Amino acid sequence: MKRELARVIGLCLTPLLLAAVTTAQQRSVTEKSYMQAREVLEAGIKAIGGAENLQAIADVTRELTGVRTDQAQGMQPVPASETDHPPVTNTYTKGTSVRDLRGGRAMEYRETAIFGGQPLIYRSVITGNAAFFANYVTKNIRTTPPTALAGAKAGTFRRYPESLLQTAWSRPETLRSLGEADYEGKPQRVVSFADSDGTQVALYFDARTNLLTKSETLADDPVLGDITVETIYSDWRAVDKLRLPFRYVDKIGGVMLQDVKISSTAFNTNPADNLFAMPEGFAKIEPTPPLPTVKKISEDVYALLGPYNSMFVVFKDYVLVVEAGLNNRYSQAAIAEIKKVAPDKPIRYLVSTHFHFDHLSGVRSYIAEGTSIITTPTAKAIIEQAAGRTHLMRPDALSRAPKAPVIETLSDKRVFEDGAHRIELYKISSPHVSEIIIAYLPKEKLLFEGDMLDISEAGLVPVGDDTVDLAAKIKQLGLQVEQIIPVHGRMGTIDDLQQAVARATASK
């Protein structure tokens with residue numbers, strides 16, 4: 001009887017066992033990739049202390065210092081190189097990072113200075129339903145548009161391993177194995193996952209230690225084209241029951257952007273709510289409209305105001321534009337606005353004030369338009385580089401119809417006039433950059449400048465050595481300025497500049 005029962009049970013189980021074996025053999029490529037990635041991620045979590053210890057973290061506070069070594073800023077252009085890094089453009093003299101993992105809140109505080117001397121002290125905050133940037137120099141607060149909140153929050157919590165690895169683990173349906181790789185002579189196991197904002201993130205784990213080596217994403221940079229963005233983790237140390245990196249190096253296109261060192265890390269300090277609250281007494285600035293808006297200054301003279309300000313003058317036979325920043329989609333929108341104002345005239349000239357990448361980030365749209373670019377000798381090579389870069393991920397107008405840029409460099413001064421309008425271009429030096437162009441309209445007594453005077457939409461105007469130098473240059477050139485259009489911030493007057501200089505003089 002027992003033998004017969006065993007035979008019956010065996011007959012029943014055999015199909016189930018065969019089905020299990022068959023299912024394992026018939027797993028899809030996607031499922032196999034997921035299983036491999038899960039194994040690698042699980043080992044990575046175990047290497048820094050395990051899931052249980054990670055989940056026990058309610059909040060993390062880090063004190064940090066760092067330097068920014070920016071290829072896109074500084075006095076002179078720096079050739080792209082993975083070994084010869086650009087010079088330091090600013091230093092974080094003090095920094096604090098707080099991540100409230102249970103509350104879904106984050107705060108970053110920095111004390112630094114923009115290259116050229118303008119001080120920058122700020123606190124950026126993200127909570128469950130809002131985000132803002134508080135500038136302690138200009139005493140104002142800028143809120144993040146609701147449409148940008150999800151992306152900002154995901155990006156903020158991606159930075160540190162304790163939340164990065166937990167996020168990857170919580171999105172198993174997106175986990176995939178990317179195979180094996182080598183980084184700086186060390187074998188790596190690489191996986192990827194899709195974050196909540198849709199960003200595809202690759203994670204490199206040291207094959208020997210299973211510690212996270214770096215995270216990596218792809219991006220479309222308006223100047224550099226299709227690039228890799230990396231955060232590299234090193235100097236791993238014990239913090240309570242976990243191991244965490246105490247050095248973070250950020251690279252864009254293989255070039256070091258910033259190097260941050262952690263001086264202390266503390267868990268579960270129960271950060272005060274006021275760290276995440278807006279400071280009192282600050283002026284509140286509404287989010288800047290995403291596209292440029294046209295403001296008429298005088299007959300045939302217009303400002304394009306938005307996240308990056310530009311200016312254009314409609315001459316008798318053509319249009320001249322000053323500055324094309326932010327990105328190529330933004331400058332394409334600017335071109336569309338210009339054509340509404342002057343539909344029958346070609347945009348013959350674009351003045352690019354200096355080589356800093358943010359000020360050249362829209363030049364490709366104008367190159368595609370057939371516009372000649374007037375710029376400094378130091379910016380010429382950067383514009384040529386930008387024109388030749390590949391944009392496969394997000395093709396723009398120049399990608400679809402490539403052409404070489406037409407560039408004219410300014411050695412000292414150049415004047416454009418047609419009897420009714422006159423614009424004078426001056427190439428000057430500055431503590432902000434070795435060569436920069438300012439544009440002056442004598443009839444309107446209007447000056448257009450980039451970076452040397454940033455006029456805050458509300459609150460105080462920051463001042464640096466470059467601001468003081470700009471005032472001196474205006475006086476030396478004998479320019480009768482009344483109005484000022486800065487690339488950054490609101491339109492202002494000569495009084496804004498003079499008051500900023502007076503504060504700088506009084507503080508010495």
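Residues numbered from 1 in each chain as written. Predicted model: local features only at pLDDT ≥ 70, side-chain atom pairs only at ≥ 80, totals over all residues. Heavy atoms only, no water.

Caption draft 1: Layout of the overall build of the protein. In terms of helices and strands, the protein carries 12 helices and 27 strands. In terms of principal-axis extent, the alpha carbons of the protein reach across some 115 × 50 × 40 Å. Expressed as a percentage of its 508 residues, the buried residues of the protein come to 50%. Computed over 58 positive and 60 negative side-chain charges, the inter-centroid distance for the protein is 5 Å. (Helix = DSSP H or I, 4+ residues; strand = E, 2+ residues; numbered from the N terminus. Buried < 20%, exposed > 50% of the residue type's maximum accessible area, 1.4 Å probe, protein only. Lys, Arg positive; Asp, Glu negative; His and termini not counted. Charge placed at Lys NZ, Arg CZ, Asp CG, Glu CD.)

Caption draft 2: How the structure looks around the packing of aromatic side chains. Per the counting criterion, the structure on display carries 9 aromatic pairs. Each ring, one from tyrosine 109 and one from tyrosine 136, has its centre 6.3 Å from the other, and the planes form 75 degrees; the classification is edge-to-face. A residue pair is termed long-range when its members are at least 10 positions apart, and tyrosine 109 in strand E3 (residues 105–113) and tyrosine 136 in the loop between strand E5 (131–135) and strand E6 (140–143) qualify at 27 residues. Ring geometry for tyrosine 160 versus tyrosine 248: centroids 5.2 Å apart, planes at 80 degrees, classification edge-to-face. Placement of tyrosine 160 in the loop between helix H4 (146–158) and helix H5 (161–169) and of tyrosine 248 in strand E12 (residues 242–252) is noted, with a sequence separation of 88 residues between them. Here the two residues tyrosine 160 and tyrosine 248 agree in accessibility, since each one is buried. Over the face of the ring belonging to tyrosine 204 we find lysine 214, whose NZ or CZ atom lies 4.5 Å from the ring centre. (Phe/Tyr/Trp six-rings, centres within 6.5 Å; stacked < 30°, edge-to-face > 60°. Lys NZ or Arg CZ within 6 Å of the ring centre and 35° of its normal.)

Caption draft 3: Summary view of the sheet that holds strand E24 (residues 436–441). Spatial strand order, E22-E23-E24-E25-E26-E27: 6 strands in an open sheet with mixed pairing. Of all the strands in the sheet, the pair left with one neighbour each is strand E22 (413–417) and strand E27 (492–493). As paired strands, E22 and strand E23 (residues 422–428) are joined by 5 bridges and run antiparallel to one another. If you follow lysine 413 over to E23, its bridge partner there is tyrosine 426. (Pairing = 2+ DSSP bridges.)

Caption draft 4: How the structure looks around the sheet that holds strand E17 (residues 310–314). The strand order across the open sheet built from 7 strands is E15-E16-E17-E18-E19-E20-E21, with neighbouring strands paired in mixed fashion. Of all the strands in the sheet, the pair left with one neighbour each is strand E15 (293–298) and strand E21 (406–409). Sheet twist, expressed as the mean angle between neighbouring strand axes with direction ignored, is 25 degrees. Of the pairings in the sheet, the one linking E15 to strand E16 (residues 301–305) comprises 5 bridges and is antiparallel in character. Paired with threonine 293 across the two strands is leucine 305, which belongs to E16. Strand contacts of helix H6 (residues 328–341): E15, E16, E17, strand E18 (319–322) and strand E19 (347–351), with the helix running at about 150 degrees to E16, the strand carrying the most contacts. (Axes fitted to C-alpha atoms, helices over the stretch in contact; angles between N-to-C directions. Contact = heavy atoms within 4.5 Å.)

Caption draft 5: Summary view of the packing of helix H2 (residues 29–47) against H5. In the contact formed by H2 and H5, the axes pass within 11 Å of each other and the chain directions differ by 150 degrees. Taken together, the axis directions place H2 and H5 in an arrangement best described as roughly antiparallel. Classified by chirality, the crossing of H5 by H2 is left-handed. Two secondary-structure elements touch here, H2 through Arg38, Leu41, Glu42, Gly44 and Ile45 and H5 through Leu165, Ala168 and Trp169. Class assignment of the residues belonging to the contact of H2 with H5 gives a composition of 5 nonpolar, 1 polar and 2 charged. (Parallel < 35°, antiparallel > 145°, perpendicular 65-115°, else oblique. Left-handed = near helix turned anticlockwise from the far one by under 90°. Nonpolar A, V, L, I, M, F, W, Y, C, P; charged D, E, K, R; others polar.)

Caption draft 6: Fine view of H4. For H4, with 13 residues, the first-to-last C-alpha span of 19 Å sits near the 18 Å given by 1.5 Å per residue. The set of residues buried in H4 consists of Leu149, Ala154, Thr156, Phe157 and Arg158. (Expected span 1.5 Å × (residues − 1).)

Caption draft 7: Quick peek at the packing of helix H11 (residues 465–477) against helix H12 (residues 494–507). Orientation of H11 relative to H12, taken along the N-to-C sense of each, is 125 degrees, at an axis distance of 9 Å. Regarding the angle of H11 to H12, the classification is oblique. Our pair here, H11 against H12, has a crossing hand that is left-handed. Here Thr467, Val468, Leu470, Ala471 and Ile474 of H11 come into contact with H12, specifically with Leu497, Ala500, Val501 and Ala504.

Caption draft 8: Representation of the confidence of the model for the protein in the model. Per-residue pLDDT for the protein averages 91, and the proportion of residues at 70 or more is 93%. Note on residues 15–22: pLDDT under 50 across the span, and 0 contacts to partners over four residues away in sequence or across chains. (pLDDT = per-residue confidence, 0-100.)

Caption draft 9: Local environment of unusual backbone geometry. The backbone phi angle of glutamate 184 is positive, close to 50 degrees, even though this residue is not glycine. Relative to the helices and strands, glutamate 184 is located in the loop between strand E7 (176–183) and strand E8 (186–194). Notably, aspartate 300 is not glycine yet its phi reads approximately 70 degrees, a positive angle. The residue aspartate 300 is located in the loop between E15 and E16 in this model. With relative accessibility at 21%, the residue aspartate 300 sits in the partly exposed group.

Caption draft 10: Local environment of the pattern of salt bridges. Under the criterion given, the structure shown has 26 salt bridges. Close ionic contact of arginine 158 with aspartate 195 constitutes a salt bridge, the shortest N to O distance being 2.9 Å. Residue arginine 158 is located in helix H4, and its partner aspartate 195 is located in the loop between E8 and strand E9 (200–206); the two are separated by 37 residues in the primary sequence. Accessibility classification places arginine 158 together with aspartate 195 in one group, the buried group. Close ionic contact of lysine 214 with glutamate 216 constitutes a salt bridge, the shortest N to O distance being 3.1 Å. Each member of the pair, lysine 214 together with glutamate 216, is buried. (Salt bridge = Lys/Arg side-chain N within 4 Å of Asp/Glu carboxyl O.)

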